[in-house]
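One-letter residues, chain by chain:
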Amino acid sequence: MYLTFKRPFKNYLYFLLLIAVMVSSCSEQRRTSVKNYPKNRAFVYQNKIELTGNFTKDEKKRLLNQLENYWDDSMKVKKVQVFGFFYKIKSPSVFDSSRFSRSINFMNAYLNSQGYYYADFKKDYHLDTVKDQIRAFISMQIDPGKNITIDTVLYDLDDPVLDSITKQESKKSLLVQGQPYTIQLISSELDRLVNLYRRNGYFKFTREDLFAYIDSTNQQLLQLTLDPFEQARLLAEIAKAKKEKPSWDITVKRRELADSSRLFQYKIGNLYYYPETKITDIPDSLMLQQGFKEFRQREAVMRYKKGIIKYAPLREYTYFRKGDIYNEDKYYKTVNGLSQLGAWQNVDLRPEFRGKDSLDFYFFMTPAIKQSFTIDLEGSRNTGDLGSGNLLGISTNLSYNNRNVWKRAIQSVATFRTGVELSLLSSSAQQSGLIQSFLINAGHTYVFPKIIQPFAHAGRFKNLDNRRTLWAINVGYVDRRTFYRLRTINTSWGYEWKKGNTVYLYKPLNIELNSLDKLDSLNSMIRKNPFLKASFNEGNIVSQSFSVIKTTISKRDPNKSHYFRFGIEEAGGLFGTIPGLKGQIYRYIKAENEYRHSIKINKSEWAFRAYGGIGYNYGKDSVIGITLPFFKQFSAGGPNSMRAWTLRQLGLGSSGQSEQDTLRNAFRDRYGDMQLEMNIEYRFPLATIGSFKIGSALYADIGNVWNIKKTNNTDPSTLFSFSNLGRDVAIGVGTGLRFDLSYFLIRLDFAYKLKDPLRTTNGGWMSLKDFQWTDTRANGVQIPNYALQLGIGLPF
């Protein structure tokens, strides 16, 4: 989307840019306003904490961030960021120096919980008068002292079975000699032990049954001596040791139990399934209700009336059997597995005691709506397609979803799409014809809730979470009038599973068959623009692919998250060797890698992204070309990538090949075999109106797209080279608005080309002296130096 600016409006933008620079250069104090402050009385305007001592950089940052939360309420500064630059303090608290003691108590308690028991606090403040405001600047200098370390760790549970289980998992203990002591660490170790015991049958064992005994006594104090000088020497050594290298002993013990059944190891008893539970049913009543039909298999009983589900998927996602020792991890894994099948909207698993040490489980499962049907009507205006003229597109999309095919919790999605492009908006409609293109497409996807494979003894697959087999088929036909007719058949078979916070997808077979009839208009256009030939090669694909996605949240700082994605695809390795398929099968390998990192600071956020992808066609086939098929290639530009350029309008390298003869050719999409991109974004709130939130961001995008193989007709500027990377890299900077409607987010971004590889002046960099909104290429074509992007959701 492009905008045309008049000179007065440009001057207005220059003025806004100048104001923004001047404002950002001012100190934070000058950019802070105070509302509803007490008259003639000092109020808290700023508070500050200074830490002294020997810390690692991360430890000091962590302590400072947390200590800010422990100011007494009367000493907190309620500062709100406005428009990304300004700050506002509303209704500040009256300053009272006696409140220092409360803040010190709160901060000391926090430091104690982190293992700092010898902290020293120094408070200070000064007053400053600004007009009729009496501002109090308060500070707290803290020397936490040495962190307590863990010395000896013992486990005394007074039960041979618990002692044995604990010893087997001792290497996983969170309490390690020499490690800094914190209350959170002790708490986490007790939680780990409780979870360990509950995985080994101790269903009734809870956190209340354990405690940690901390011994801070120095053993030297227990030495008996009547010599007063020796006593003085020992006390001095102990005081010195506490200050320089304090350490404590920890013993984990079990409380005395009034209920002996807490130490019973429970086993799985009978399993009862109620797969037709209504949302209004009361489980206790269902358990006593008569009149159910029953399906029995060994220890399991399925009670039903209509028979909407087979027993197989229920057994597949039940991770325990009769006689197994109760395992809490398998309990939750079963609940999550059945819930993710899609056939049920709610799954409730209830244990019931039977006998001395048996647990019967009752599964109450509320079915989801089995079938759904949607229909959409879409309209579009296309001015960037083949040929000339403005086209009006109309299409209809139909979708049918079945969540329980063949009563086996198999999900099925059937789609059908048809549409036309009309030349109603073209002045040459009568000459070129009304209907410019016609398409029809149909597809079907099945999601099987298990791994379907031909090998026996594949029980290891049952330990995988959310395991699924995916099969999809899609057929399509496109008639682009005098340009081409395209027929496609695509099908794939794949497996998806999850382990922890990592998702895997493997497709051993992916087949994409294409049949293209080139017509006169297309042949004429390719002769005038040879670079289009690669976009219309007639090749088929037989490939396999593997991808992995991992998402993690930092254990030390939950405000930091990481996202990693890696994918690889190989095509034609086997089938491409068959002589009869030469010139028909693409042979290539393609890999891509993406990393994202997010750091949340109060209500703002820093977001980083790095992406790299490369594909290599090793087929060396003169018929279908030496590059990847264009629909497998990389592109940059648009609302989610290099936002200063419109969709697929960046690259290749620093070549201007795609911008030549643009008046006669509107097909200028740019695809390459390699892409590098980095993004950085600072996100911050602007305003909140009820549940409607308005935010903004400042961002920079860096990257480009290249080819990697050279032919006689290849422009060298399109090829990747480390020596030319500085010349080829593109940089865009911008800002935008984000309208958060809770259930989705609308994003409007404006970006300017800080560095354009095709800009012939100033090495491609923008010039503040000769600032321009458009750039005139050597062939006279004017290209905007900016782009306005409309997107849904965050860019990354």
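Higher on the page you've got the structure.
Residues numbered from 1 in each chain as written. Predicted model: local features only at pLDDT ≥ 70, side-chain atom pairs only at ≥ 80, totals over all residues. Heavy atoms only, no water.

(A) How the structure looks around helix α11 (residues 520-528). Those residues of α11 that sit buried are Leu522, Met525 and Ile526. Projected down its long axis, α11 shows its buried positions confined to an angular sector of 100 degrees, all on one face. Turned more than 90 degrees away from the buried face of α11, the exposed residues are Asp520, Arg527 and Lys528. Where the residues of α11 are buried, they touch β20 (484-499) and β21 (502-518). (Buried < 20%, exposed > 50% of the residue type's maximum accessible area, 1.4 Å probe, protein only. Helix = DSSP H or I, 4+ residues; strand = E, 2+ residues; numbered from the N terminus. Arc of directions from axis to C-beta. Contact = heavy atoms within 4.5 Å.)

(B) Examining the packing of aromatic side chains more closely. Under the counting rule described, the total for this entry stands at 49 aromatic pairs. Centre to centre, the rings of tyrosine 682 and phenylalanine 684 are 5.5 Å apart; their planes meet at 35 degrees, and the pair counts as tilted. Against the face of phenylalanine 203 rests arginine 198, its NZ or CZ located 5.4 Å from the ring centre. In this arrangement the basic side chain of lysine 709 is found over the ring face of tyrosine 616, its NZ or CZ atom lying 4.8 Å from the centre. (Phe/Tyr/Trp six-rings, centres within 6.5 Å; stacked < 30°, edge-to-face > 60°. Lys NZ or Arg CZ within 6 Å of the ring centre and 35° of its normal.)

(C) Representation of the sheet that holds strand β8 (residues 210-215). The strand order across the open sheet formed by three strands is β7-β9-β8, and the pairing between neighbours is mixed. Among the strands making up the open sheet, the edge pair consists of β7 (149-156) and β8. Each neighbouring strand pair of the sheet contributes to a mean axis angle of 25 degrees, computed without reference to strand direction. (Pairing = 2+ DSSP bridges. Axes fitted to C-alpha atoms, helices over the stretch in contact; angles between N-to-C directions.)

(D) Highlighting empty space enclosed by the protein. Within this structure, the stated rule accounts for two cavities of 30 Å³ or more. What the largest cavity holds in volume is close to 70 Å³. A breakdown of the residues in the lining of the largest cavity according to their chemical character gives six nonpolar, four polar and one charged. Put simply, the second largest cavity is a space of about 30 Å³. Of the residues that constitute the lining of the second largest cavity, the class distribution is four nonpolar, two polar and two charged. (1 Å grid on protein atoms, 1.4 Å probe; cavity = no way out; pocket = protein on both sides within 12 Å on 5 of 7 lines; lining within 4 Å. Points joined across faces, edges and corners; volume = space filled by probe spheres on them. Nonpolar A, V, L, I, M, F, W, Y, C, P; charged D, E, K, R; others polar.)

(E) The arrangement of the packing of helix α4 (residues 160-168) against helix α5 (residues 183-198) in detail. Contact pair α4 / α5: the axes reach a minimum separation of 11 Å and the direction vectors enclose 115 degrees. As summarised for this structure, α4 and α5 are arranged roughly perpendicular, according to the angle between their axes. Relative to α5, the crossing made by α4 is right-handed. Seen from α4, the contacting residues are Leu162, Ile165 and Thr166; seen from α5, they are Leu193, Leu196 and Tyr197. (Parallel < 35°, antiparallel > 145°, perpendicular 65-115°, else oblique. Left-handed = near helix turned anticlockwise from the far one by under 90°.)

(F) Summary view of the sheet that holds strand β2 (residues 42-51). Strand order in the open sheet formed by three strands is β2-β6-β5, and the pairing between neighbours is mixed. Of all the strands in the sheet, just β2 and β5 (120-130) have a single pairing partner and so form its edges. The average undirected angle you get between the axes of adjacent strands in this sheet is 20 degrees. Alignment of β2 against strand β6 (residues 133-143), held across nine bridges, turns out to be parallel. Considered in β6, the bridge of leucine 51 is made with isoleucine 142. Strands in contact with helix α2 (residues 57-67) are β2 and β6; relative to β2, the strand with the most contacts, it is inclined by about 155 degrees. Of the strands in this sheet, β2, β5 and β6 are in contact with helix α3 (residues 100-113), which crosses β6 at around 35 degrees.

(G) Here's a closer look at the nonpolar core. Counting 28 residues, the largest nonpolar core has Tyr273, Phe361 and Phe363 as its most contacted members. For this core, the elements supplying multiple residues, two or more each, are β10 (267-274), β12 (300-304), α9 (328-339), β13 (344-354) and β14 (358-367). Top element by residues in this core is β14. It accounts for four residues. Not counting the four nearest positions on each side in its chain, phenylalanine 361 is found in contact with Ile268, Asn270, Leu271, Tyr272, Phe320, Tyr326, Tyr331, Leu349, Arg350 and Pro351. (Core = buried A, V, L, I, M, F, W, Y, C linked by side-chain atoms within 4.5 Å.)

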